Amino acid sequence: MLFIAYQTLRSRWVSFLGTLVALVLGVAQVAAMGALLMTVLDLPDRPVERFAKATAVVKPDDGDWNASQHDLGVRSLPESEGVKPALRQKVADTGGVVVDRAFYAQLDGGPKDQVGHPWPVARFGGYRLTDGRAPTGKDQVVVPSDQARTGEQVTVMTAAGVSRYTVSGTVSPVDWEDAVFFSDAEAARISPRIEALVPLGPLAAVRSAVGDDAEVLTGQDRHKADASEDRDRETLDNTVTLVPVMASVAGTTAVFVVASTFAFAVVQRRREVALLRAVGATPKQVRRMVRGEALLVGTLASAAGVALGLYGAQLLADVLIAMDIAPDWFEVRPSLHWTIVAPLAGAFLVGTAVAWCGAVAAARRAGTVRPVEALREAAVDDTGMTPARRLLGAAGVAAGVGLAGWIAFGKPQSVLSPNTYVTELLVPVLAAAVLAPLAVGPLTRFFMWPFRNSAGPTAMLVRESALTARRRTAATAAPILLTVGLALSLLAATDSLGAARDHGLRNSVTSEYALAPDDTPGISPDVIDKVKRIDGVQITAPLLTTVYTRDEDRFDVNDGLVVDTAALKHTMDLDVTEGSLDQLDDSSMAVADLWGWDVGTRVKIFLGDGEQATLKVAAVYKALRGSDVAYLPERFAASAAYSRDGLARRAYISLKPGTDRAAATAAIEKAVRGNGAKFMTRDELVATESAYARHLIEVRQRSTALIVVLFCFIAILNTLLMATADRRRDLAVLRLAGATPKQVVRFFVAESLLVTAIGVALAVIASAVNLIGLWGALHELFGAAPIVVPWAVVGTVTAVSAILAVVGTVLPVGAALRSRIVQLVGARE
């Protein structure tokens, strides 16, 4: 039967072309994403940058610290404290030392990630003066030659303030950092924290002096001291986070489409299988033939898909780089390394297995075809709903409704995690696709009801054609259902979550005005002090720091915000569940309910600058995961420059009663102008914050939706081409009955539009289940939160799906109409 399967593929290659294309694309997706993920596990060594010309680097380190388990910028306690004076002296005694400090220092108009260093450390990164001389005074700097010229006056923004400096010299720019170099004394004034040491003495003596107090980095390990190490980790973490989500959604969609396409191809050959049965083929032989066809198609398509996926892996990597998800040096190189061979081999096996599994159910049905069916010239198709499919569909509906209820009432926080929530959106959509044959009848009658009294036979023929071939109608509607359903669910979830966050932020901020960074990563405390000195102004500018608490032999790490506690309650509306913000003072703090600390609890905290304090919990407020912080008194402001960059991410401003509003706002605008901050209303702040906060979520979900929709677009065109190309006999009957070519085309176009309408209707029903669960979750998390559907985008996806359905119908019909009627009549399955 394998030989017969081979001959069948040769003679009926057009019927199998759709299955082949679907499988090639599905395998290519799995191969590309697998290769991308595995490449992340075996990255090439990155070149040492800032300390390339240093023999060794001494850097504080916590051996138990795993940076990948923390957000970018969060340091361990030893790293926050930096190199201590005692250790610096020990290393200096071995033969000299050069101190490195790394801090925020941005030229006016310069890049936001610009960094400041003391000049003596510049030579270890290969910097050489191209003009001028090294900075010696407190008012001198050296900058890259593409940003200023020697002798110019420049404004530099730091956490210590905004100051004017004279450019004493310039260096050639490098591609791994934008640096501003200060004199050693000025760098120490701006940033007391010592980032690292470059020892000049013998390495053995240095190791002995350092002991267990820090880490001595040599060779390739010196790259750990580069700022790009953290940036690369963040982007690669985003890649590792995003790609599995994309792979799970796109892979599930691909498997479903491929299996459905193969099963549809077998159903189309029902009369052919009946002829084999009529000439003596046993059911077992028929099943073996179908499985043989699946094996041949699966092997050929999987091989082509693997080759396409290997090329597509780098294409996908380029897309992620363009979206700032992956680092710009990331690439997937074809090789025989296991990180490439393993995912490609896995994709090949998956493709073959999908083709085989997709054929198993179809082969079982093919084995039940009776020989007498070969004599039928017309047959009314059944619904295509086998007991197994009914059971699977019922389980899918139960799972979809159950997940929606669980998301709405049991675990609403899951909508905040795209990794899990995106995959949950798949369930109702796939369940609708499984049960599609049951919905064909009711939906066909519903959509054709307005045309029941229309002149001419077209409406009647379209209705009866859909009703008598429900398997075909459901199979051709399935790709449209997947396309519109997934696009609607994913994009509506993204936009609704963004709107809910905006609503929550708007309700939590009670101040009328705010300050936000103006092309800078944050606002200098010096600028905040200028605004605070304006009469009638109350300002709260949270400084981000890190709070360390000891849990037996390890430290728990949480975010902290240093604020003016007196002004906090006038500018922010925290949902306090226990205690009161009025009780905040220099020896207390407010914490999130997620931390499990009760009011009155006394907690010993450790801060990045080495300070320790025991604070009482004065208030507990309700917070979402990711927004849970401790509000600390201002006396801990110095720790912000050790744990983080010492900048305020935003500031909230309210005016005291009786204040001259026009005079106060004018004074605020004057105070912040040119100092890296901009004055705005609360609503403008919400818009700014929401644009930043939702960026990564939108990138994740929209990129996933894009890949799924593109694949489904191809599936729509592919399935409609298969279905229509196989209906030459239907076309011949219409022509023999007197239908003109124009009427024939009109019939097939009307039928394709009906199929589109059925697919869209099922997509809306499935998406409604998802959105009801989403609405419940957002209501629990943020209060009143509307469901926002990007109708323009969803409408465009629907319109393109309809156009592809029409194109997939018109092309084969047009080709068939060029044949003579007698050739159409002679066409056989």
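Each value, and the rule that gives it
- Residues numbered from 1 in each chain as written.
- Predicted model: local features only at pLDDT ≥ 70, side-chain atom pairs only at ≥ 80, totals over all residues.
- Heavy atoms only, no water.
- Helix = DSSP H or I, 4+ residues; strand = E, 2+ residues; numbered from the N terminus.
- Buried < 20%, exposed > 50% of the residue type's maximum accessible area, 1.4 Å probe, protein only.
- Contact = heavy atoms within 4.5 Å.
- Areas by Shrake-Rupley, 256 points an atom, 1.4 Å probe, with all protein chains shown as cover.
- Expected span 1.5 Å × (residues − 1).
- Bend = angle between axes of the 7 residues up to and from the residue.
- Pairing = 2+ DSSP bridges.
- Axes fitted to C-alpha atoms, helices over the stretch in contact; angles between N-to-C directions.
- Phe/Tyr/Trp six-rings, centres within 6.5 Å; stacked < 30°, edge-to-face > 60°.
- Core = buried A, V, L, I, M, F, W, Y, C linked by side-chain atoms within 4.5 Å.
- Parallel < 35°, antiparallel > 145°, perpendicular 65-115°, else oblique.
- Left-handed = near helix turned anticlockwise from the far one by under 90°.
- Nonpolar A, V, L, I, M, F, W, Y, C, P; charged D, E, K, R; others polar.
- Salt bridge = Lys/Arg side-chain N within 4 Å of Asp/Glu carboxyl O.
- Polar contact = N/O pair within 3.5 Å; in protein donor to acceptor, adjacent residues only side chain to side chain.
- pLDDT = per-residue confidence, 0-100.
- Patch = residues over 30% accessible without salt bridge, like charges linked within 9 Å, V, L, I, M, F, W, Y side chains within 5 Å.

A.B. asks: If you had to explain the overall build of the chain to someone new, which residues and values would you point to?
C.D. replies: For the chain, the count of helices and strands is 25 helices and 22 strands. Expressed as a percentage of the 829 residues in the chain, the buried residues total 52%. Taking the contacts inside the chain whose residues are at least 6 apart along the sequence as the reference set, 82% of them involve residues at least 24 apart. When the accessible surface of the chain is totalled, it reaches about 35800 Å², and 58% of it is carbon and sulfur.

A.B. asks: Break down helix 13 (residues 436–448) for me, citing the residues and quoting the values.
C.D. replies: The first and last C-alpha atoms of helix 13 sit 17 Å apart over 13 residues, in line with the 18 Å expected at 1.5 Å per residue. Remark: the principal bend of helix 13, roughly 30°, maps to P442.

A.B. asks: Describe the sheet that holds strand 13 (residues 537–540), and please don't skip the residues or the numbers.
C.D. replies: Taken in spatial order, the four strands line up as 13-21-12-22 in an open sheet, and their pairing is antiparallel. Each edge of the open sheet is held by one strand with a lone partner, namely strand 13 and strand 22 (677–681). Strand-to-strand twist of the sheet, defined as the mean angle between neighbouring strand axes without regard to direction, takes the value 25°. Pairing of strand 13 with strand 21 (residues 651–655) involves four bridges; the strand directions are antiparallel. Counterpart to T540 in the pairing with strand 21 is Y652. Its contacts with the sheet put helix 16 (residues 525–532) on strand 12 (513–517), strand 13, strand 21 and strand 22, and the angle it makes with strand 13 is roughly 155°.

A.B. asks: Got a sec to walk through the packing of aromatic side chains? Specific residues and values, please.
C.D. replies: For the coordinates displayed, the defined rule picks out 11 aromatic pairs. Ring geometry for Y513 against F679: centres 5.2 Å apart, planes inclined by 35°, an arrangement best described as tilted. Pair noted here: Y513 is in strand 12 and F679 is in strand 22, with a separation of 166 residues, a long-range link. Given the relative accessible area of 17%, F679 is considered buried. Judged by centre distance (5.7 Å) and plane angle (65°), the rings of Y621 and Y631 are edge-to-face. Taken together, the residues Y621 in strand 19 (residues 612–621) and Y631 in strand 20 (residues 630–632) connect sequence positions 10 residues apart.

A.B. asks: Tell me about the nonpolar core, and please be specific about residues and values.
C.D. replies: Counting residues in hydrophobic clusters, the biggest one holds 65 residues, and the most contacted among them are L515, V531, M589, I605, Y631, L632 and I653. Considering every element that reaches this core, the biggest residue donor is strand 19, with seven residues. The residues touching I653, leaving out its near neighbours within four places in the chain, are S511, E512, Y513, A514, L515, V531, V537, Q538, I539, T571, I668 and F679. Judged by nonpolar contacts, the second largest core, of 35 residues, contains L426, V484, L486 and A766.

A.B. asks: Describe the environment of R452, with residues and values.
C.D. replies: Within the element layout of this structure, R452 appears in the loop between helix 13 and helix 14 (458–468). By relative accessible area, R452 is classed as partly exposed at 46%.

A.B. asks: Which residues make up the packing of helix 14 against helix 23 (residues 741–782), and what values go with them?
C.D. replies: At a closest axis distance of 9 Å, the pairing of helix 14 and helix 23 adopts a crossing angle of 55°. Regarding the angle of helix 14 to helix 23, the classification is oblique. Crossing of helix 14 over helix 23 shows right-handed handedness. Between helix 14 and helix 23, the contacting residues are T458, L461, V462, S465 and A466 on the first element and R746, F747, A750, E751 and L754 on the second. Taken together, the residues of the contact of helix 14 with helix 23 sort by class into six nonpolar, two polar and two charged.

A.B. asks: So what's going on with the pairing of strand 12? Which residues, and what values?
C.D. replies: Of all five residues making up strand 12, five are buried, and the element is well covered by its neighbours. Side chains of strand 12 alternate between two faces, with Y513, L515 and P517 and A514 and A516 buried alike. Bridge count for strand 12 against strand 21 is three bridges, and the pairing is antiparallel. Bridging from a neighbouring strand, A514 pairs with Y652 of strand 21. In this sheet, strand 22 lies alongside strand 12 in antiparallel orientation, the contact comprising five bridges. Bridging across to strand 22, Y513 finds its partner in T681.

A.B. asks: Give a description of the pattern of salt bridges that names residues and reports values.
C.D. replies: Close approach of charged atoms allows side chains of opposite charge to pair. The final tally for this structure, using the stated rule, is 14 salt bridges. A salt bridge links K532 to E634, with the nearest nitrogen and oxygen atoms 3.0 Å apart. On the criterion of sequence distance, the pair formed by K532 in helix 16 and E634 in the loop between strand 20 and helix 18 (640–643) is long-range, its members being 102 residues apart. Look at E634 and you get partly exposed, because its relative accessible area is 39%.

A.B. asks: Break down the side chain of D100 for me, with residues and values.
C.D. replies: Relative to the helices and strands, D100 is located in strand 2 (residues 97–100). By relative accessible area, which is 0% here, D100 ends up buried. In this view, D100 contacts R50, F51, H117, P118, V121, I194, E195 and A196; residues no more than four positions away in its chain are not counted.

A.B. asks: I'd like a rundown of the side chain of T94, residues and numbers included.
C.D. replies: Checked against the element boundaries, T94 lands in the loop between helix 4 (85–92) and strand 2. On the accessibility criterion, T94 (17% relative accessible area) is buried. Separated by 2.5 Å, the side chain of T94 and the backbone oxygen of V91 make a polar contact. Apart from the residues lying within four places of it in its own chain, the contact partners of T94 are G201, P202, A205, V206 and A209.

A.B. asks: Pulling in residues and values, what's your account of the confidence of the model for the chain?
C.D. replies: The predicted model of the chain averages 81 in pLDDT, with 79% of residues at 70 or higher. Mean pLDDT values for the elements of the chain range from 49 in helix 25 (residues 821–825) up to 96 in strand 9 (residues 179–182).

A.B. asks: Pulling in residues and values, what's your account of unusual backbone geometry?
C.D. replies: Of note, D519 is a non-glycine position whose phi angle comes to about 60°, a positive value. Structurally, D519 is set in the loop between strand 12 and helix 16. Relative accessible area serves as the criterion here: at 59%, D519 is assigned to the exposed category.

A.B. asks: Lay out a nonpolar patch on the surface in plain terms, naming residues and giving numbers.
C.D. replies: A cluster of nonpolar side chains, contributed by L308, Y311 and L315, occupies part of the molecular surface with about 320 Å² of accessible area. For Y311, the location among the structural elements is in helix 9 (residues 283–322). By relative accessible area, which is 58% here, Y311 ends up exposed.

A.B. asks: Quick rundown of the packing of helix 13 against helix 14? Include the residues and the values.
C.D. replies: In the contact formed by helix 13 and helix 14, the axes pass within 9 Å of each other and the chain directions differ by 170°. In terms of orientation, helix 13 and helix 14 fall into the roughly antiparallel class. Along the contact surface, helix 13 presents V440, G441, T444, R445 and M448, while helix 14 presents A459, V462, R463, A466 and L467. In terms of residue class, the contact of helix 13 with helix 14 is made up of six nonpolar, two polar and two charged.

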